[in-house]
Amino acid sequence: MRRIKVLELGWEFPPLINGGLGVACMGISKALAKKVDLSVIVPKADPSAVYDGFSLTGINNLQYAQVEEHQEESYTYSSFSVVGKAPVNLDPYAHVEGTPGTVVFTKQGKLLFSHVSRADLDLFTGKEDLYAGDLARKVIEFSKICAVMARQYDFDVVHAHDWMTYLAGVEVKKATGKPLVVHLHASQFDRAGADARGWIYDIEKYGMEQADAVIPVSKYTGTVAAGHYGINPAKIFPVHNGADPVHVFHSKKKFPEKLVLFLGRLTAQKGPEFFLQIAAKVLEQTDNVRFVMAGTGEKLRQLIETGAFHGVGDKFHFTGFLNKQKVNELLSMTDVYCMPSVSEPFGLSALEAAQFGIPAVISKQSGVAEVMKGALKADFWDVNMMAKHIIDLITDEDLYEKVSKESTQDIMNSSWETAADKMIRVYHHVLGW
């Protein structure tokens, strides 16, 4: 049987963007490229970057002539079935999606745009952050450009990552007739709660409905897709994330206390307020511990003010954003990793901590809890149990060794190669091979 040819649509890709989605897409692409013929299209790519085994096309590096020559005026872009106006200042990490703008959809579900212009292409050539400005328009224009560019590729299946590329995936499917697989890395349910609705939610729901298969990053996220979005469970195929191998090393701390780490974007989804409460509970019983919160986000200022209120300021440290090297340096001196996420589709950072042999205390509301059997778990809201787990780990050497050893075993079973094998089985399913 010949190798499957896959067209992958992503939104982030290192080294230009090193967010969680970009890191996951890189890991998936590198593993898939060993087993399928892979081509990847993203809004922005580093023109000097070379990737082993697959081609990466950034819209920012295209000349307009490359798009123009493949346009067919007769093609109608018809995807989204919403009447009214979409917000132009979307923020996928905030509760509020922005103010109403002027992206209008017709009752027939046909976009009012049909021709890719030079100005559309220019949206992706500047230095502006991909999530900044008129994100709604960027999502739409990316879908139009992908539908045109897809005709230059020979592929069997299209694989779209997260809501920003779902519309593009549907457009490519409509333009080529090829089956669509959508990957659900994180949902609006995770970011904004059970009452989340709006333009992002609608695109997520529509994309999953139109897809031939949905790949959530955990069984937990699969239940969200089925329950909150009404997606047919028969086409949901959970595939856990992997973790890239890292050079593990250990560093000496500049202070004698134990170090408990929170690592991630400071948004409601990640539960940073609960980490602060957990710290306060632990410090009520022992002062032999310091807490470090690494990351940035809209909750940072509020958290700093709340930290002072709880009186944990001298034992609680904020690092702000850290690059990968700094993250690994921090992990090298961490004693306990804590992830009290309110709704975590997966939680790759817990696997990264496990690579350093760090025992973890994680919420039951996380996909990684399905993989890390040895980690200590509690409901995100149960700060008393989370605090107890941390105290037990830093005071009981036998328990610490046991959880650390089990975490190391768990990580051995979590690789991008294993994930790629499962994705290929999903491709075979939608292709009927």
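Calculation criteria
Residues numbered from 1 in each chain as written. Predicted model: local features only at pLDDT ≥ 70, side-chain atom pairs only at ≥ 80, totals over all residues. Heavy atoms only, no water. Patch = residues over 30% accessible without salt bridge, like charges linked within 9 Å, V, L, I, M, F, W, Y side chains within 5 Å. Areas by Shrake-Rupley, 256 points an atom, 1.4 Å probe, with all protein chains shown as cover. Salt bridge = Lys/Arg side-chain N within 4 Å of Asp/Glu carboxyl O. Lys, Arg positive; Asp, Glu negative; His and termini not counted. Charge placed at Lys NZ, Arg CZ, Asp CG, Glu CD. Helix = DSSP H or I, 4+ residues; strand = E, 2+ residues; numbered from the N terminus. Buried < 20%, exposed > 50% of the residue type's maximum accessible area, 1.4 Å probe, protein only. Contact = heavy atoms within 4.5 Å. Pairing = 2+ DSSP bridges. pLDDT = per-residue confidence, 0-100. Axes fitted to C-alpha atoms, helices over the stretch in contact; angles between N-to-C directions. Expected span 1.5 Å × (residues − 1). Parallel < 35°, antiparallel > 145°, perpendicular 65-115°, else oblique. Nonpolar A, V, L, I, M, F, W, Y, C, P; charged D, E, K, R; others polar.

## Quick look at a positive patch on the surface
Point 1. Taken together, the side chains of Lys219, Lys373, Lys422 and Arg425 present a region of like positive charge at the surface.
Point 2. Tracing the backbone shows Arg425 in helix α15 (residues 416-431).
Point 3. The exposed category is assigned to Arg425, whose relative accessible area is 54%.

## Focus on the environment of Ala243
Point 1. With respect to the helices and strands, the residue Ala243 is situated in the loop between α8 (219-229) and β9 (258-263).
Point 2. The spatial distance from the C-alpha of Ala243 to the C-alpha of Glu352 is 6.7 Å, given a sequence separation of 109 residues.
Point 3. Ignoring any residue separated from it by four or fewer positions in sequence, one finds Ala243 in contact with Leu348, Leu351, Gln355, Ile411, Ser414, Ser415 and Trp416.

## Examining the pairing of strand β6 (residues 157-161)
Point 1. Among the five residues in β6, five count as buried, and that is most of the element.
Point 2. Across the two faces of β6 the burial is the same, with Val157, His159 and His161 and Val158 and Ala160 all buried.
Point 3. Direction of pairing for strand β1 (residues 5-9) relative to β6: parallel, over a ladder of four bridges. By the bridge assignment for β6, Glu8 is matched with His159.
Point 4. Note that β6 and strand β7 (residues 180-184) share four bridges and pair parallel. Paired with His161 across the strands is His183, a residue of β7.

## Points about the confidence of the model for the protein chain
Point 1. Mean pLDDT over the protein chain: 87, with 89% of residues reaching 70 or higher.
Point 2. Confidence drops under pLDDT 50 across residues 79-84; counting only partners more than four residues distant or on other chains, this segment forms 25 contacts.
Point 3. Counted against residues more than four places away or in other chains, residues 94-113, with its pLDDT under 50, gives 61 contacts.

## Regarding the pattern of salt bridges
Point 1. Under the definition given, this model contains 21 salt bridges.
Point 2. Glu141 is the salt-bridge partner of Lys144, the closest N and O atoms lying 2.8 Å from each other. One end of the pair is Lys144 and the other is Glu141, both in helix α4 (residues 135-149) and three residues apart, which spans about a single turn. Here Lys144 matches Glu141 in class, with each residue buried.
Point 3. Through salt bridges that share partners, Asp120, Arg137, Glu141 and Lys144 make up one connected network.

## Overview of the environment of Val217
Point 1. Relative to the assigned elements, Val217 resides in the loop between β8 (213-216) and α8.
Point 2. Under the relative-accessibility criterion, Val217 is labelled buried at 1%.
Point 3. Spatially, the C-alpha atom of Val217 lies 7.2 Å from that of Gly367, the residues being 150 residues apart in sequence.
Point 4. With residues near it in sequence (within four places) discarded, Val217 still touches His183, Leu184, His185, Val239, His240, Asn241, Pro345 and Phe346.

## As for the pairing of β8
Point 1. Burial along β8 is two-sided: Ala213 and Ile215 facing one way and Val214 and Pro216 facing the other are all buried.
Point 2. With four bridges connecting them, β7 and β8 associate as parallel partners. By the bridge assignment, Val181 is partnered in β8 with Ala213.

## Regarding the sheet that holds strand β13 (residues 360-363)
Point 1. Sheet architecture is open: six strands sit in the order β11-β10-β9-β12-β13-β14, paired in parallel fashion. Each edge of the open sheet is held by one strand with a lone partner, namely β11 (316-320) and β14 (376-378). Each strand axis lies, on average, 20 degrees off the axis of its neighbour in the sheet, ignoring direction.
Point 2. Pairing of β13 with β14, which is carried by three bridges, proceeds in the parallel orientation. For Val361, the partnering residue across the bridge sits in β14 and is Leu376.
Point 3. Helix α12 (residues 348-355) contacts β9, β12 (336-339) and β13 of the sheet and is inclined by roughly 175 degrees relative to β12.

## Concerning a negative patch on the surface
Point 1. Judged by side-chain charge, Asp396, Glu397, Asp398 and Glu401 come together as a negatively charged surface patch.
Point 2. Counting through the fold element by element, Asp398 comes out in helix α14 (residues 397-412).

## Things to note about helix α13 (residues 383-395)
Point 1. Between its first and last C-alpha, α13 extends 18 Å over 13 residues, near the 18 Å set by a 1.5 Å rise per residue.
Point 2. Of the positions making up α13, those classed as buried are Val383, Met386, Ala387, His389, Ile390, Ile391, Leu393 and Ile394.

## Section: the packing of α13 against α14
Point 1. One can describe the packing of α13 onto α14 by two numbers: an axis separation of 5 Å at closest approach and a directional angle of 105 degrees. Judged by the angle between their axes, α13 and α14 are roughly perpendicular. Across from Asp392, Leu393 and Thr395 in α13, the residues of α14 making contact are Glu397, Leu399, Tyr400 and Val403.
Point 2. The residue makeup of the contact of α13 with α14, split by class, is four nonpolar, one polar and two charged.

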